[in-house]
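Structure at a glance
One-letter residues, chain by chain:
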Amino acid sequence: MELSGRTALVTGAARRIGRAIARGLATRGARVAVHYGRSAADAQALIDEIRAAGGTAEAFAADLADPAAVLALAARVEAELGPVDVLINNASVFYATPLETLGERELDDNLAINLKAPYLLSLRLGRAMRTRGAGKIVSIGDAGATHPYRDYLPYYVSKAGVVALTESLARALAPAVQVNCIAPGPILPPSGASAEDEARILARTPLARFGGPEAVVAAVVYLVENDFVTGTTLVVDGGRSLV
Ligand SMILES: NC(=O)c1ccc[n+]([C@@H]2O[C@H](COP(=O)([O-])OP(=O)(O)OC[C@H]3O[C@@H](n4cnc5c(N)ncnc54)[C@H](OP(=O)(O)O)[C@@H]3O)[C@@H](O)[C@H]2O)c1
């Protein structure tokens, strides 16, 4: 699929990796719906930047923990920017959940934002893509779903679910819509990581550096532009899962 002239929704697009994805799609001519939760100022700065470069972007707030807000987000984007051709499920929560204090709430929270919101958006927008005869869904998983760090159990359960969601949707929405997953490894240091944390991560990464958001942007562009790839999980982890 050519990105030029398409409408793309990127969740969690105000900051970090999502911001780079939104910018990358806009640079290639897509109209971009910049979804955000709390980062209103960052979202506004991004759409200002995209518009200043001649692109089209609108910001949309929604709490992805609320299923009604997720569905309302899809409807608002369609109403303001037209049918969504490309959905990028990027937003996520990621926080340590040590076994000793782990309970039901942490699982519910991770599943709601990391899995249920992509599920609802993919159904809502994927069915419409199928009816129109074309569309792309890319969800951002995590290479750690198969090689987990300690203390993130609900997060990895949710990200393993994203792979299953991808594979099932790829079958359900074929042949019109292609559905894929990207499994990043160390792209950016986690928010609040210490120098020791970063050194520990890099010591277990064969390519010995953080990949940076553009490594994910390139994977997103590849999966959107290639029409014969569906149901796959593309690992972008600097070799981390080899170790
Ligand atoms: N960073 C890495 O190296 C790495 C490694 C592996 C996988 N990943 C995956 O790559 C993706 C992007 O990573 P990242 O580090 O850039 O993500 P991030 O900074 O942890 O989160 C991205 C955005 O998710 C949004 N979000 C979280 N909860 C929300 C809610 N309830 N409602 C609405 N929005 C919500 C936040 O938006 P607001 O700020 O607007 O509230 C946040 O900016 C994620 O899916 C992550 O799991 C990242």
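As a starting point, this report considers the structure included with it. What you are looking at is a predicted structure, and each value in this text was computed from that prediction instead of being measured. (Residues numbered from 1 in each chain as written. Predicted model: local features only at pLDDT ≥ 70, side-chain atom pairs only at ≥ 80, totals over all residues.)

As a further point, take the pairing of strand E5 (residues 135-140). In terms of burial, E5 is a largely internal element, 6 of the 6 residues being buried. Because side chains alternate across E5, one face comprises the buried residues Gly135, Ile137 and Ser139, and the other comprises Lys136, Val138 and Ile140, equally buried. Taken together, the 4 bridges between strand E4 (residues 86-89) and E5 define a ladder with parallel strand orientation. Note that in E5 the partner of Asn89 across the bridge is Ser139. Between E4 and its parallel partner E5, the chain crosses via helix H4 (residues 104-132), and the hand of that crossover is right-handed. Of the strand pairs in this sheet, E5 and strand E6 (residues 177-184) are connected by 6 bridges, and their pairing is parallel. Residue pairing across strands places Lys136 opposite Gln178, the latter belonging to E6. On the question of chirality, the crossover connecting E5 to the parallel E6 by way of helix H5 (residues 153-173) is right-handed. (Buried ≥ 20, exposed ≤ 12 C-beta atoms within 10 Å, placed from the backbone. Helix = DSSP H or I, 4+ residues; strand = E, 2+ residues; numbered from the N terminus. Pairing = 2+ DSSP bridges. Right-handed = clockwise from strand over helix to strand, strands pointing away.)

A word on the site of the ligand. Taken together, 25 residues lie around the ligand, and Gly12, Arg16, Gly37, Ser39 and Ser92 are the ones closest in. Top contributing element to the shell around the ligand by residue count: helix H1 (residues 16-27), with 3 residues. For the shell around the ligand, a count of residues per class yields 14 nonpolar, 6 polar and 5 charged. (Near = placed C-beta within 6 Å. Nonpolar A, V, L, I, M, F, W, Y, C, P; charged D, E, K, R; others polar.)

Taken across its 6 residues, strand E2 (residues 31-36) has 6 buried, putting it largely inside the fold. Side chains Arg31, Ala33 and His35 project from E2 onto one buried face, and the interleaved Val32, Val34 and Tyr36 project onto a second face that is buried too. Handedness of the β-α-β unit built from strand E1 (residues 7-10), H1 and E2 comes out right-handed. Taken together, the 6 bridges between E2 and strand E3 (residues 56-61) define a ladder with parallel strand orientation. If you follow Val32 over to E3, its bridge partner there is Ala57. For the crossover from E2 across helix H2 (residues 40-52) to E3, the handedness is right-handed.

Below, the discussion takes up the packing of H1 against helix H7 (residues 213-225). At a closest axis distance of 9 Å, the pairing of H1 and H7 adopts a crossing angle of 45°. As summarised for this structure, H1 and H7 are arranged oblique, according to the angle between their axes. Crossing of H1 against H7: the hand is right-handed. For the pair H1 and H7, contact is made by Arg16, Ile17, Ala20, Ile21 and Gly24 and by Pro213, Glu214, Val216, Val217, Val220 and Val221, respectively. The class makeup of the residues in the contact of H1 with H7 is 8 nonpolar, 1 polar and 2 charged. (Axes fitted to C-alpha atoms, helices over the stretch in contact; angles between N-to-C directions. Parallel < 35°, antiparallel > 145°, perpendicular 65-115°, else oblique. Left-handed = near helix turned anticlockwise from the far one by under 90°. Contact = placed C-beta atoms within 7 Å.)

On to the sheet that holds strand E7 (residues 233-236). Here 7 strands make up an open sheet; going across it, the order is E3-E2-E1-E4-E5-E6-E7 and the pairing parallel. This sheet does not close on itself; its edge strands, each paired only once, are E3 and E7. Strand-to-strand, the axes of this sheet are offset by a mean angle of 15°, without reference to chain direction. Sheet contacts for H2: E2 and E3; angle to E3, the most-contacted strand, approximately 170°.

Counting 62 residues, the largest nonpolar core has Val10, Ile21, Val32 and Val34 as its most contacted members. Tallying contributions element by element places H4 first for this core, with 7 residues. (Core = buried A, V, L, I, M, F, W, Y, C linked by C-beta atoms within 7 Å.)

Turning our attention to the environment of Val224. Examined against the element boundaries, Val224 turns out to sit in helix H7. For Val224, a count of 27 C-beta atoms within 10 Å translates into the label buried. Sequence spacing of Val224 and Ala68 is 156 residues, and the spatial spacing of their C-alpha atoms is 28 Å. Once residues within four sequence positions are removed from consideration, Val224 is found in contact with Met1, Leu3, Val86, Lys136 and Val138.

A few words now on H1. Along its 12 residues, H1 runs 17 Å from first to last C-alpha, staying within 8% of the 16 Å computed at 1.5 Å per residue. The element H1 is largely enclosed, with a buried count of 10 among its 12 residues. Of the residues making up H1, those classed as buried are Ile17, Gly18, Arg19, Ala20, Ile21, Ala22, Arg23, Gly24, Leu25 and Ala26. Against E1, E2, H2, E3, E4 and H7 lie the buried residues of H1. A positive phi of about 95° marks Gly29, the residue just after H1. (Expected span 1.5 Å × (residues − 1).)

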